[in-house]
Every structure is written in structure tokens, then in C-alpha cells.
Amino acid sequence: MRLCRFDNDRLGIVEGEHVLDVTVALDVIPPSNYPLPTHDLLIANLEQVCARASQLAPGAERKPISQVKLLSPVANPGKLVAAPVNYLKHLEEARADSGIHHNSQIIEIQRIGLFLKATSSLIGPGEPVALRHLDRRNDHEIELAIVIGKSGTRIQKDQAWNYIAAYTIGLDMTVRGPEERSLRKSVDSFSVLGPWLVTADEIDDATSLDFELSVNGETRQKANTRDLVLGIPELIEYASSFYRLHPGDVIYTGTPEGVGPVQPGDVITAEFEKIGRMEVSVTSA
Ligand code: MN
């Protein structure tokens, strides 16, 4: 199933070029009291929500996707985990380009591990990426984003696929500079997810997905997930060796070569095989 969030926190099933409004399906989520759980309530109840959404679909109001504002398909992830330099050709370009490395040593992912992006940086494709440091280089990074479906810690890689609820496209926007990654990649609006969730049952093999990013129609990044250095099960095993993963946690799996700057006024188009395509505009804040 393809599930989106749109307009004023409405829930939709995506069918072709249309969104079916199945917001009433959110009623199956049990009520919570303060303090709220540290996971995403929709993802924690995804099976029940999808079952109810399917029942509602035949009678649902339909809208063209082009006429709705798409929000991040995960509203309240507990954490955004991200993989640095997880494609070899991106490691090579980062080491060769001082505009990327800023005299910091670019260390392989096996040694530097993962980092976290602030959840407050999360937006959907219907909202613009708003650049703050216009005197610095602000780069696009397209990545496969994995949405964790159930709680788990010290997950072995041969069990890892069972923990994936859905896939979506991630943009790990980055202001280049000498500071820690977590700071530079947590600017408000610098974590994009969209255009919707594709539940794991719809993607039989996420280890060979073509994807592409263009800016104003010019292709910048074009790669396939088969070239990941740490693969999807390895990333889940590694991340969960440090912390428990919860429903709705997102793993940005890393970007391939071709990262480059964007400016206010640009339009980023990101497309992933078996997931979809989204356009994200760039502005200044
Ligand atoms: Mn990245």
C-alpha cells in the first residue's frame, strides 16, 4: 500500500495520480496519555490502519495528487538515523573536494559509524527546503529511507528485514562546513521524506533500486542501492547495536556521488524505482 499524509494532517491511499482520503482510518489508533510514547503512533499501528484504510477506500473522496500538499509520511519519528559516506564513489568525491570535506578527514562508514538528524528538521515535499546560511554551500543528498516497523535492539542482520515497515525517499540536506554532521544536517527543513510510504510487502528487493535526483531538470545524482557499502540489514544491525529502534524511526541509508549545491528558487526532483517521484522547492529562511 502507498500511504501519504496531506493537507491538514489527512491520511491518504495513493492510487495512480489520485489520493483517496481515508483519514477516518486513524481512529483505530488507541488514544495515548502524556507523556506520549517515543515512537510514531501511525507506524506502531500500521497494520490496523492499513486494514481500515482498505475498507474505506471504495467510498473515499478522491483528489488529484497535484492538488494536495504532501507532508512527511512519518509525522513523529523518535529518531532520524543517518549513514555518512555509504557509497564508495561519494567517499572518493568527498575526499577530492575541499568544498565537501572542509579539511576534515572523511572516514569510512565502518569506522565513523552513524549520526542522528534532529526530528525538528523533518518536512514533506509539499513544504520548501529553506536555506539559512546563504554564504555557504548547501547540498542535496538523495537517499533510500527505511521506516522501522517494530521495536528491537541488538537486531541480527538475518532478522533485519522483519523490522522494516516501509520505504520512502529521503533528502539529507546539508550545509557544508567544519562543524559536526548532526548540526549541519539538522537545520529546520533539512530532512525531507516523501512523497509517501510504500509498505515493505510492495518492494520485494530493496537492494537493487534505481534512483535519480535532478535540480531544475539537470541530473545530478543517478545510482542504484546495490552500491551501498553497508547494506540495509547491516545498517539495522549496526544502529540497533547502539540503541533500541522504535516504530517510526527512520534510517537514511546514505547518498551516492553527485552531491551539489542548491540555491533559493531551485526545484529538486527526486525519483526512486518502485517508490515514486517528488518535487521539492528551495527557498531561504
Ligand atoms: Mn547523507
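Just so we're clear, the structure is a prediction, and the values are computed from it rather than from any experiment.

Chemist: Report on helix H7 (residues 232-242), specifying residues and quantitative values.
Modeler: Listed in full, the buried residues belonging to H7 are Ile232, Pro233, Leu235, Ile236, Ala239 and Ser240. The buried side chains of H7 occupy one side of the element, clustering within an arc of 160 degrees when seen end-on. Taken together, the buried residues of H7 touch strand E6 (80-82), helix H5 (109-112), strand E11 (142-148), strand E12 (164-172) and strand E17 (250-252).

Chemist: Got a sec to walk through the coordination of the manganese ion? Specific residues and values, please.
Modeler: Within the protein, the manganese ion binds to Glu141 (OE), Glu143 (OE) and Asp172 (OD); these donor distances fall in the range 2.0 to 2.1 Å. For the manganese ion, the donor residues sit on a single chain with the sequence spacing E-x1-E-x28-D. Taken together, the positions of glutamate 141 in the loop between strand E10 (138-140) and E11 and aspartate 172 in strand E12 put the pair 31 residues apart, joining distant regions of the chain. Summarising the burial analysis for this pair, glutamate 141 and aspartate 172 share the class buried.

Chemist: Give me the lowdown on the environment of aspartate 205, citing residues and values where you can.
Modeler: Topologically, aspartate 205 is positioned in the loop between strand E14 (191-199) and strand E15 (210-215). Between the alpha carbons of aspartate 205 and tyrosine 243 there is a distance of 26 Å; along the sequence they are 38 residues apart. Among the polar contacts made by the side chain of aspartate 205, one reaches the side chain of threonine 207 at a distance of 2.4 Å.

Chemist: Would you mind going over the side chain of aspartate 21 in detail, with residue names and values included?
Modeler: Along the polypeptide, aspartate 21 turns up in strand E3 (residues 18-21). Among the polar contacts made by the side chain of aspartate 21, one reaches the side chain of arginine 10 at a distance of 2.5 Å. In this structure, aspartate 21 is in contact with Phe6, Arg10, Leu11, Ala60 and Glu61, ignoring residues within four places of it in sequence.

Chemist: Kindly report on the domain arrangement of the protein, identifying the contributing residues and their values.
Modeler: By domain assignment, the protein separates into domain 1 (2-69) and domain 2 (80-284). One C-alpha centre belongs to domain 1, the other to domain 2, and the line joining them spans 24 Å. On the side of domain 2, 17 residues touch domain 1, which itself brings 13 residues to the contact. Taken together, the two surfaces of domain 1 and domain 2 that pack against each other cover about 1100 Å², and 67% of this comes from carbon and sulfur.

What counts as what
- Residues numbered from 1 in each chain as written.
- Predicted model: local features only at pLDDT ≥ 70, side-chain atom pairs only at ≥ 80, totals over all residues.
- Heavy atoms only, no water.
- Buried < 20%, exposed > 50% of the residue type's maximum accessible area, 1.4 Å probe, protein only.
- Helix = DSSP H or I, 4+ residues; strand = E, 2+ residues; numbered from the N terminus.
- Arc of directions from axis to C-beta.
- Contact = heavy atoms within 4.5 Å.
- Donors = N, O, S within 2.8 Å, 3.2 Å for Na, K, Ca; no water.
- Polar contact = N/O pair within 3.5 Å; in protein donor to acceptor, adjacent residues only side chain to side chain.
- Domains from an automatic or database assignment.
- Buried area = accessible area lost by both parts, 1.4 Å probe.

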